[in-house]
Amino acid sequence: MNNYLTGDKIRYYRKEKKMSLKELAQGICSVTKMSNIELGQSNATDPELEKIASKLEIPLSYIKIAQDDTTIIKQINEIEDLIYLDQMDKAKELISKIKDHYNTHIYLNAVSIELYYINGLYFYYSNEHDRATQELTSALFCEPSKNVERLTFKIKTYLLLSRISFEEKNYEKSLIQLIEAKKIADTKVSVFYILRNTIHLNLCIHYILLGKLALANIFIDELDLPTQPLVTLVRGTLAFCEKDYVQALSYADETRSAAQETSNKELILKSLSLKMKIHKVNGQDEEYAHLLEVLKTYLSSFKFPTNHLYLSLVQDYLQEAISQGDMESCQVMFDYLFNIKKKSPFISLHYKTHHLYAKYLKYFSNNYEGIQFHLNCALEFCPEYQLLDRAIITHELAELNYSPESPYKLSSKLFYEHIRKENVTNELQFFLPMPIF
């Protein structure tokens, strides 16, 4: 019994010998079967493997799959489960074991995309986005293959890269990565059925944020999971953007009800946010104030994990608390955010915490030195690719110092146009779910 790893190994050593498929197949099997063996679509018999190894002038053990090799996909699935359960130490230990095993072999390329992907996933959940991006990008440069398992990992790699780009608010780049994933999934529609649904849902989320509602409707209508809470929330957001507030409210209630059954904290928070926004737009101040109290109670009822998703959520709700003048809630959330910074100093979102704290001081204390200190911290932590955020922070520093001079200075018209667009996007992100992968 062998699988696509056997085929990858055979192809690797055949190319090392600069041998054609026809030359290798001669005297062993047909060229078609040899091609299928390399693609993992056919199994070679033991006698055929012995002849192949002899012809390639390598030990049989180099291409014959050992018991450890046959479980590689199962092990990687186990690592994924450990990461999702936040058992990072166990995941890291298993990753090291897999690496050690394959480092003892001359051939490593057969599992490279899987290892790069799982390393990228590990670093993503460890809040090391730069290292995650490096590993995932390396996965995309692995040798191309038409094998289903290999293509699955490539799709998952693009989905995770898209998620990272989305969290960095680089929506155009995130969209391009999603489209690349869709191109692969469309080659085998029946095989990649679930992944295609995931991609279409993510495309809908992106097109809503980019204001392309017609395209968003096309992709959400193609979904085969109409009752899933995540899909319901996206439908609610789409209805809100189309100003169908009655339908949006219905979807928000449906999402919250389903999310409470599965204790999905993110969707509960997002559905509450959508309802709050609907009441706010309709001028229903009492209903809005009631939901804000429900939201505050819910936020204080559980401890957020220290990852980008929940950190971003807390920052969103903190922005709302500042605008509502809720000092008590602000202080609770700032205590949480600065505690996270002490525990995980390398998270790229920390600049937003400092920026929000500068706004908090401006609203409630007018502490000039404190505002200037936290704006400078925000600028220091803000990644280079966040050009708009860097421009906004520098603009605020320039206003604080009564000086228009700034290396990131924008004209007033252009600056406020950017602010207007950014505020529209931020409002949608307040209740639109994050892309999934």
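Parameters at a glance
- Residues numbered from 1 in each chain as written.
- Predicted model: local features only at pLDDT ≥ 70, side-chain atom pairs only at ≥ 80, totals over all residues.
- Heavy atoms only, no water.
- Core = buried A, V, L, I, M, F, W, Y, C linked by side-chain atoms within 4.5 Å.
- Buried < 20%, exposed > 50% of the residue type's maximum accessible area, 1.4 Å probe, protein only.
- Helix = DSSP H or I, 4+ residues; strand = E, 2+ residues; numbered from the N terminus.
- Disulfide = S-S within 2.5 Å.
- Salt bridge = Lys/Arg side-chain N within 4 Å of Asp/Glu carboxyl O.
- Axes fitted to C-alpha atoms, helices over the stretch in contact; angles between N-to-C directions.
- Parallel < 35°, antiparallel > 145°, perpendicular 65-115°, else oblique.
- Left-handed = near helix turned anticlockwise from the far one by under 90°.
- Contact = heavy atoms within 4.5 Å.
- Nonpolar A, V, L, I, M, F, W, Y, C, P; charged D, E, K, R; others polar.

Asker: What should I look at first to understand the nonpolar core in this one?
Answerer: Note that soluble globular proteins tend to have their nonpolar side chains buried in a common cluster. Among the nonpolar cores identified, the biggest contains 97 residues, and Ile79, Ile155, Leu318 and Phe334 are the most heavily contacted of them. Within the second largest apolar cluster, 16 residues are counted, among which are Tyr13, Ile28, Ala44 and Ile52.

Asker: Please clarify how the environment of isoleucine 194 should be interpreted in this entry.
Answerer: Inspection of the secondary structure puts isoleucine 194 in helix α12 (residues 193–209). In this structure the C-alpha to C-alpha distance between isoleucine 194 and aspartate 224, which are 30 residues apart in sequence, comes to 9.1 Å.

Asker: Got a minute to help me understand the state of the cysteines in this structure?
Answerer: Among covalent bonds in proteins, the disulfide is the one between the sulfur atoms of two cysteines. Inspection of the entire model under this criterion finds 0 disulfides. Free of any disulfide, cysteine 241 has its nearest neighbouring cysteine sulfur in cysteine 204, separated by 9.6 Å.

Asker: For this particular structure, what's the right way to read the pattern of salt bridges?
Answerer: It is possible for side chains of opposite charge to pair when their charged atoms get near one another. Under the counting rule described, the total for this entry stands at 6 salt bridges. A single salt-bridge network, built from bridges that share partners, covers Lys182, Asp186 and Arg196.

Asker: Looking at this model, I keep getting lost on the packing of helix α14 (residues 229–241) against helix α16 (residues 265–281). Mind explaining?
Answerer: Relative placement of two packed helices is described by the angle separating their axes and the distance separating the axes. Between α14 and α16, whose axes approach to 11 Å, the crossing angle comes to 20 degrees. It follows that α14 is roughly parallel to α16 by the angle criterion. The element α14 and its partner α16 pack so that their crossing is left-handed. Mapping the contact onto sequence places Pro229, Leu230, Leu233, Gly236, Thr237 and Phe240 in α14 and Leu267, Lys270, Ser271, Leu274, Lys277, Ile278 and Val281 in α16. Looking at the contact of α14 with α16 residue by residue, the classes come out as 8 nonpolar, 3 polar and 2 charged.

Asker: Explain the packing of helix α13 (residues 213–221) against α14 to me, please; I cannot follow it from the model alone.
Answerer: Orientation of α13 relative to α14, taken along the N-to-C sense of each, is 155 degrees, at an axis distance of 11 Å. By the angle class used here, α13 and α14 are roughly antiparallel. The two elements α13 and α14 meet at a crossing, and its hand is left-handed. Every residue of α14 that contacts α13 at Leu213, Ala216, Asn217, Ile220 and Asp221 is listed here: Val231, Val234, Arg235, Leu238 and Cys241. Looking at the contact of α13 with α14 residue by residue, the classes come out as 7 nonpolar, 1 polar and 2 charged.

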